[in-house]
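Architecture at a glance
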Amino acid sequence: MKKGSKVTLIEGAVGRLEVRYFAKEVLSAQEIKLVVLSHPHPLHGGTMNNKVVTTMERAFQQLGYVTVAYNFRGVGESEGRYDHGVGEQEDLCAVLAWAKQTFQVNEVTLAGFSFGSYVALSAQIKVQAMVEIKAMCTVAPPVGLYDFSTIEGGGFSWALIQGGQDEVVSASDIVTWSTSLEQAPDLYWRAQAGHFFHGELIWLKRVILFLYG
C-alpha cells in the first residue's frame, strides 16, 4: 500500500468492520475511480493484508484509484463471526455504502481474491442496487468449493485471472465454468502460477496495470 493509507472502523450489519483506504488529497467527484477489494477465506488465514490483495491494491493506487480494502467479520478488528459467504456479502455492502458516502461516487470496480471473488460475484445484484459496477476483477475464484451455479456476468467488464498450477481449486473447472457463461469473463492465464501467485506477483500487478490503466 502507498504511504498515507488510513485505517478506520465503520459500522457493519453485526458490528464494526476494519477498513483501510487510500485517496489522493485533492480529487473532484468526477475524477474519483473507486475499487473495493475483498480478501480470501477468513478461516484459512485470509485478511486484507494478504499479498495478492495488497499487490492488487498497490496496482490500483498506482493508476490513481481510491482503494478500499477491508476485513470480513471476525477477522482482525472486524466484529462478528464467519458466515459462509452470506454475511460477508453484507460486509461488502456496508463497506461500499460507507465508501459511496465518503467519496461521493456512483460507480465502483469490485476486486476479489479466492473467497473474496465469490463474495464479490455473489453480491453483485445487491451492489448494483447501490451503485453501478463499472468492472469486476476476480483472481482464482473458488469454483467447486462454493456454489457458482447461479452466478453470471452483469453486463460490466469482467476479468478473471487464474494460475494453471492452482493447488486449492481446479484451474480446469474454473475454465469450464467461466467459458460456459452467457456473459463470460475475459480470462488471463498464468500457466506456472499457483493459487497464491508465489513468485508471480509482479506479473499479477502488470496485468492489473494493463487492464485498468
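The following refers to the structure shown. (Residues numbered from 1 in each chain as written. Predicted model: local features only at pLDDT ≥ 70, side-chain atom pairs only at ≥ 80, totals over all residues. Heavy atoms only, no water.)

Under the defined criterion, the tally for this structure stands at six salt bridges. A salt bridge links E107 to K134; its shortest N-O distance comes to 3.9 Å. Taken together, the residues E107 in strand 5 (residues 107-113) and K134 in strand 6 (residues 132-139) connect sequence positions 27 residues apart. On the basis of relative accessibility, which here comes to 31%, the residue E107 falls in the partly exposed class. The exposure class of K134 is partly exposed, given its relative accessible area of 42%. One continuous salt-bridge network, built from bridges that share partners, spans R73, E90 and D91. (Salt bridge = Lys/Arg side-chain N within 4 Å of Asp/Glu carboxyl O. Helix = DSSP H or I, 4+ residues; strand = E, 2+ residues; numbered from the N terminus. Buried < 20%, exposed > 50% of the residue type's maximum accessible area, 1.4 Å probe, protein only.)

Counting buried positions over the eight residues of strand 6 gives six, a clear majority of the element. Relative to strand 6, strand 5 runs parallel, the two being bridged by seven bridges. Bridge assignment links F113 to a residue of strand 6, and that residue is V139. Alignment of strand 6 against strand 7 (residues 157-163), held across five bridges, turns out to be parallel. Of the residues in strand 7, the one forming a bridge with M136 is W158. (Pairing = 2+ DSSP bridges.)

Right, let's talk about unusual backbone geometry for a bit. One non-glycine residue, H84, adopts positive backbone phi at about 60°. Residue position: H84 is located in the loop between strand 4 (66-70) and helix 2 (87-103). A residue is classified by how much of its surface remains accessible, and H84, at 54% relative accessible area, is exposed. With a phi close to 55°, Q104 is a non-glycine residue in the positive phi region.

Now for helix 3 (residues 115-122). Of all eight residues in helix 3, seven are buried, a share of seventy percent or more. The complete set of buried residues in helix 3 reads F115, G116, S117, Y118, V119, A120 and L121.

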